[in-house]
Every structure is written in C-alpha cells, then in structure tokens.
Amino acid sequence: MIIFKKANTLFQFLQQHKQSGENIGFVPTMGALHKGHLSLIKASKLENNITVCSIFINPAQFNNKEDFEKYPVTLEDDIEKLMGAECDILFLPGVEEIYSDHYVVNRYQLGKIESILEGEYRPKHFQGVCQVMDRLLQFVSPDELYLGQKDYQQCMVIKKLVEMIGKQEVINIKICETVREADGLAMSSRNLRLNNEQRNRAAHLFKTLIFIKEHFQHKDFNELKQTAKIKLQGMGIKVDYVEIADANTLDAAPTNSSKKLIALIAASIDNIRLIDNMALN
Ligand code: AMP
C-alpha cells in the first residue's frame, strides 16, 4: 500500500493510472476503521483496478467540540487493517492540505435535506461534509465512490453534491449495506468510546428499528415513533429523533404511506451520539 500525504502527488499518480485505462474506487473515511469500512474497501477491490482509502478527521463537519476532540484515532491499527484488506492507496492529508490558506469556503445549496434530521441537530454538519468531499473528489477523481448506508442522509447529501459539481455521469456512487455487530449494533468508530454497560445499551437502537419494522404496517406512525422513543428513553438513552420517512426525500411519512420507507434514529448514550437506520419495505 502506498501512503500519500500530499494531494497533488496523489492526483498526479492517479491521473497517470487513469490515462492508462485503470479505474479507481474511492472509500473516504475518518479512520478508527472497523469491518464496516473494510466492507467498502472489499467492494471497491472487486470492481476497480485501484482502491483509494482516505483517512481525514474533518474539523469542518463537527458541530460539537467534545465530539471532535474525542473522536477515536487508531492510525497504526488502521494502516494494518488496510494492508490486510490489500487496499492500494491510503491518502492521509493534514488539515492544511485540505484547507490551505487559499481555501475559499464554498456554500453548497443543498436545500431542505441539510436542515432536517441530522441537519437539525448538527447545524453546518453537511456543509462541512460537502467541503471535504468536494476537495477529496477533486484529488482522487474516482470512477466509483463507496459510501455506507449507515449514514443514509449523508449518502443523499453526497449524491446531491456530485450532481452539483456536474460529476454524476463520471462518478458512480455505490451504497453498501450497514455492517453490524452480533447483537445488531451498527459498527461505528464512535462505538470505541462506549464502555461495556453503554455498549449494551447502544444495541437498543437496532432493537428499536426492528420493533418499528415489525409494527409499521398496522400502527399509526406518530404513536409508533412515540412508543419507540419512550422505549429508548427508558434505557437511559437521550433521543434526538425517531423518524419514519420517505426514503427518497427523508420527509416524515404519513401512516400507511405507500412510498419506500426508512426508519431513522439518532440518540446519545452519555453524550456519545450514535445514528442508525433501517429500510422498512
Ligand atoms: P466514517 O469513517 O464514519 O466517516 O465512515 C466512512 C464511510 O464508512 C462512510 O461512507 C460510512 O457510511 C461508512 N460506514 C461507517 N460505518 C459503517 C458500517 N457499520 N457499515 C457500512 N459502512 C459504514
């Protein structure tokens, strides 16, 4: 595996390979890698000549200082895992490489998607995501971009970004299934911050999604969301939202909606914020 720290060296290297007809799969991450990330690497390896993973903890997308400061960093481990997965390239930029002095902060017109659900609880988060993704996509110019369904709203935002920068014909976005622990907890870098007791409580996010899936066909959605919320709160979990939404727009869905539906939860366990979602039909 080759490690690049400089964007222009990475860019030149990848352009040479593209010119000789090779295609590039890209897996952007913030590190503290787990099997969810590695499933994306695996998917990219199967479909591309070169797989690039980036690790960059993007300060622009954190609206909470504590969350940023406590974000897990396990770089040596990450490198070992990437080598084990036969990832070809790791891009490991410093903050100044992404946000140089000349960097002009763009304002992305994302519309409603940036202010609902995650956007409501994490103001400016998706602007930060777009800032870093716009830059990374320029440096890597991937043919295929691999994202996790776990961050469902983020996938929608990045899709929109790719359209806004006119790359929808060039970059093929692949959304990969959420990889879970044996008890259903969605793998997440933030899980590293949970102690045993918190870790056990965290599994209730998944259990609650299953509960919603089992009942949404014959229950009033507002009642179901409220029951789900109370169940989580009963476990000492602070709920930001439990939503049953149209999977294409993320608008709250009315009971008995015939649309493609998704249930989404965001909740904190002693200030450690976790998200998860599940397709319902
Ligand atoms: P992150 O490092 O959390 O920014 O995630 C990097 C990429 O990995 C994003 O596209 C995530 O959606 C994806 N990802 C994170 N957790 C999982 C998971 N449990 N299963 C599949 N993909 C994941």
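Anything mentioned here points back to the structure above.
Because the structure is a prediction, the values reported are computed rather than measured.

Trainee: So what exactly am I meant to see when it comes to the site of the ligand here?
Mentor: Lining the immediate environment of the ligand, one finds 16 residues, of which Met30, His37, Asp151, Val179 and Met187 sit closest. Separating an oxygen atom of the ligand from a backbone N or O atom of Gly148 is a distance of 3.0 Å. For the shell around the ligand, the elements supplying multiple residues, two or more each, are strand S2 (24–29), helix H2 (35–47) and strand S5 (144–148). Examining the composition of the shell around the ligand, we find that 3 residues originate from one element, H2, more than from any other. When its residues are assigned to classes, the shell around the ligand shows 7 nonpolar, 6 polar and 3 charged.

Trainee: Looking at this structure, how should I read the pairing of strand S6 (residues 172–176)?
Mentor: Consecutive residues of a regular strand have side chains that alternate between opposite faces of the sheet. Examined bridge by bridge, S5 and S6 share 5 bridges and lie parallel to one another. Considered in S6, the bridge of Leu145 is made with Ile173. Of the crossover connections in this fold, the one passing from S5 over helix H8 (residues 152–164) to the parallel S6 is right-handed.

Trainee: I would appreciate a short explanation of the sheet that holds strand S8 (residues 261–269) in the present structure.
Mentor: Two pairing modes exist for strands in a sheet, parallel and antiparallel, and in both the strands are linked by backbone hydrogen bonds. Read across the sheet, 3 strands follow the order S7-S8-S9 without closing on themselves; strand pairing throughout is antiparallel. Each end of this open sheet is capped by a strand with a single partner; those strands are strand S7 (238–246) and strand S9 (272–279). Shown here is a sheet whose adjacent strand axes are inclined to one another by a mean of 10°, direction ignored. As paired elements, S7 and S8 share 8 bridges and run antiparallel to each other. Paired with Lys238 across the two strands is Ser268, which belongs to S8. Packed onto the sheet, helix H9 (residues 196–215) meets S7, S8 and S9 and runs at close to 25° relative to S9. This element, helix H10 (residues 221–234), spans S7 and S8 of the sheet and lies at about 155° to S7.

Trainee: Where do I start with the sheet that holds S2 in this structure?
Mentor: On the basis of which strands lie adjacent, the open sheet formed by 6 strands has the order S1-S4-S3-S2-S5-S6 and parallel pairing. A strand with exactly one partner marks an edge of an open sheet, and here the two such strands are strand S1 (2–4) and S6. Taking each pair of neighbouring strands and ignoring which way they run, the sheet shows an average axis angle of 25°. Where helix H4 (residues 75–84) meets the sheet, it contacts S1, strand S3 (50–55) and strand S4 (89–91), and its direction lies at approximately 170° from that of S3. Sitting on the sheet, H8 is in contact with S5 and S6, with an inclination near 155° to S5.

Trainee: When you look at the pattern of salt bridges in this model, what are you seeing that I'm missing?
Mentor: For side chains bearing opposite charge, pairing can occur when the charged atoms are close. Counting across every chain of the model gives 24 salt bridges. In this structure, Arg107 and Glu114 form a salt bridge, with 3.0 Å as the shortest nitrogen-oxygen distance. Judged by relative accessible area, Glu114 falls into the buried class, the value being 15%. Measuring nitrogen to oxygen at the nearest pair gives 2.7 Å for the salt bridge that ties Arg201 to Glu197. With Arg201 and Glu197 both in helix H9, this residue pair falls 4 residues apart, about one helical turn.

Trainee: Help me out: how do you make sense of the nonpolar core in this one?
Mentor: Soluble globular proteins tend to bury their nonpolar side chains together. Met133, Leu145 and Leu250 are the most contacted members of the largest nonpolar core, which has 47 residues in total. Dropping the residues within four chain positions of it, Leu145 is found in contact with Phe26, Pro28, Met133, Leu137, Ile158, Ile171, Asn172, Ile173 and Lys174. Counting residues in hydrophobic clusters, the runner-up holds 27 residues, among them Leu209, Phe211, Ile212 and Phe216.

What counts and how
- Residues numbered from 1 in each chain as written.
- Predicted model: local features only at pLDDT ≥ 70, side-chain atom pairs only at ≥ 80, totals over all residues.
- Heavy atoms only, no water.
- Near = heavy atom within 4 Å.
- Polar contact = N/O pair within 3.5 Å; in protein donor to acceptor, adjacent residues only side chain to side chain.
- Helix = DSSP H or I, 4+ residues; strand = E, 2+ residues; numbered from the N terminus.
- Nonpolar A, V, L, I, M, F, W, Y, C, P; charged D, E, K, R; others polar.
- Pairing = 2+ DSSP bridges.
- Right-handed = clockwise from strand over helix to strand, strands pointing away.
- Axes fitted to C-alpha atoms, helices over the stretch in contact; angles between N-to-C directions.
- Contact = heavy atoms within 4.5 Å.
- Salt bridge = Lys/Arg side-chain N within 4 Å of Asp/Glu carboxyl O.
- Buried < 20%, exposed > 50% of the residue type's maximum accessible area, 1.4 Å probe, protein only.
- Core = buried A, V, L, I, M, F, W, Y, C linked by side-chain atoms within 4.5 Å.

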